[in-house]
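Reading the structure
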Amino acid sequence: MSIEIKPSQALDLWRIAIVESVRRDSPDLSARQMALLLNVYLTPAPHTVRGLSEALNISKPAITRALDRLSSLGMVKRKVDEEDRRSVLIQRTVKGSVFLREFGDIIVSAGKETE
């Protein structure tokens, strides 16, 4: 599905969604943390630090720092890969799913405001 909007409309939609997000009693994620979280939830598993680093084109230490924050918030969890114990799998959680569903609702509401 393709929606055609102007760059200024896209930015206004993003502005409205971000403003509403920071007003709520929910975690205030950095752009890197949000990109990582969206990648884990919206792309097929399995997810590893190496794979996320390659997908987002950022360093593994930066991925690890973002995962530390997301893990502390309960939005993702780490699990040792039983097939390759050197690798750690990044898994979704209910709390992370709820956060993103609510963020999606915020974006939908923002879209209605910009119509």
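Now for a description of the structure that goes with this document. (Residues numbered from 1 in each chain as written. Predicted model: local features only at pLDDT ≥ 70, side-chain atom pairs only at ≥ 80, totals over all residues. Heavy atoms only, no water.)

What follows deals with the sheet that holds strand β3 (residues 88-92). Here we have three strands laid out as an open sheet, ordered β1-β3-β2, and antiparallel in their pairing. Each of the sheet's edge strands pairs with one partner strand only, and the pair in question is β1 (47-48) and β2 (76-80). Here five bridges tie β2 to β3, and the two strands are oriented antiparallel to one another. Looking at the pairing, K79 lines up with L89 of β3. (Pairing = 2+ DSSP bridges. Helix = DSSP H or I, 4+ residues; strand = E, 2+ residues; numbered from the N terminus.)

This paragraph deals with the packing of helix α1 (residues 7-23) against helix α5 (residues 94-113). In the contact formed by α1 and α5, the axes pass within 8 Å of each other and the chain directions differ by 130°. Regarding the angle of α1 to α5, the classification is oblique. Seen along the crossing, α1 lies across α5 with a hand that is right-handed. On α5, the residues that touch L13, W14, I16, A17, I18, E20 and S21 of α1 are F103, I106, I107, A110, G111 and E113. In the contact of α1 with α5, the residues fall into nine nonpolar, two polar and two charged. (Axes fitted to C-alpha atoms, helices over the stretch in contact; angles between N-to-C directions. Parallel < 35°, antiparallel > 145°, perpendicular 65-115°, else oblique. Left-handed = near helix turned anticlockwise from the far one by under 90°. Contact = heavy atoms within 4.5 Å. Nonpolar A, V, L, I, M, F, W, Y, C, P; charged D, E, K, R; others polar.)

On to the environment of S97. Note that S97 resides in helix α5. Among the residues examined, S97 registers a relative accessible area of 37% and is labelled partly exposed. Through-space distance from the C-alpha of S97 to that of S109 is 18 Å; in sequence the pair is 12 residues apart. (Buried < 20%, exposed > 50% of the residue type's maximum accessible area, 1.4 Å probe, protein only.)

The next subject is a nonpolar patch on the surface. A surface patch of nonpolar side chains, about 430 Å² in accessible area, is lined by M1, I3 and I5. Mapped onto the elements, I5 comes out in the segment before α1. A relative accessible area of 42% means that I5 is categorised as partly exposed. (Patch = residues over 30% accessible without salt bridge, like charges linked within 9 Å, V, L, I, M, F, W, Y side chains within 5 Å. Areas by Shrake-Rupley, 256 points an atom, 1.4 Å probe, with all protein chains shown as cover. Salt bridge = Lys/Arg side-chain N within 4 Å of Asp/Glu carboxyl O.)

Another point: the pattern of salt bridges. All told, the structure shown has five salt bridges when counted by the stated rule. With a closest N to O distance of 3.1 Å, E82 and R85 form a salt bridge. Across the pair, exposure class does not vary: E82 and R85 are exposed alike. As a salt-bridge pair, D84 and R86 come within 3.0 Å of each other at their nearest N and O atoms. For D84, a relative accessible area of 28% corresponds to the partly exposed category.

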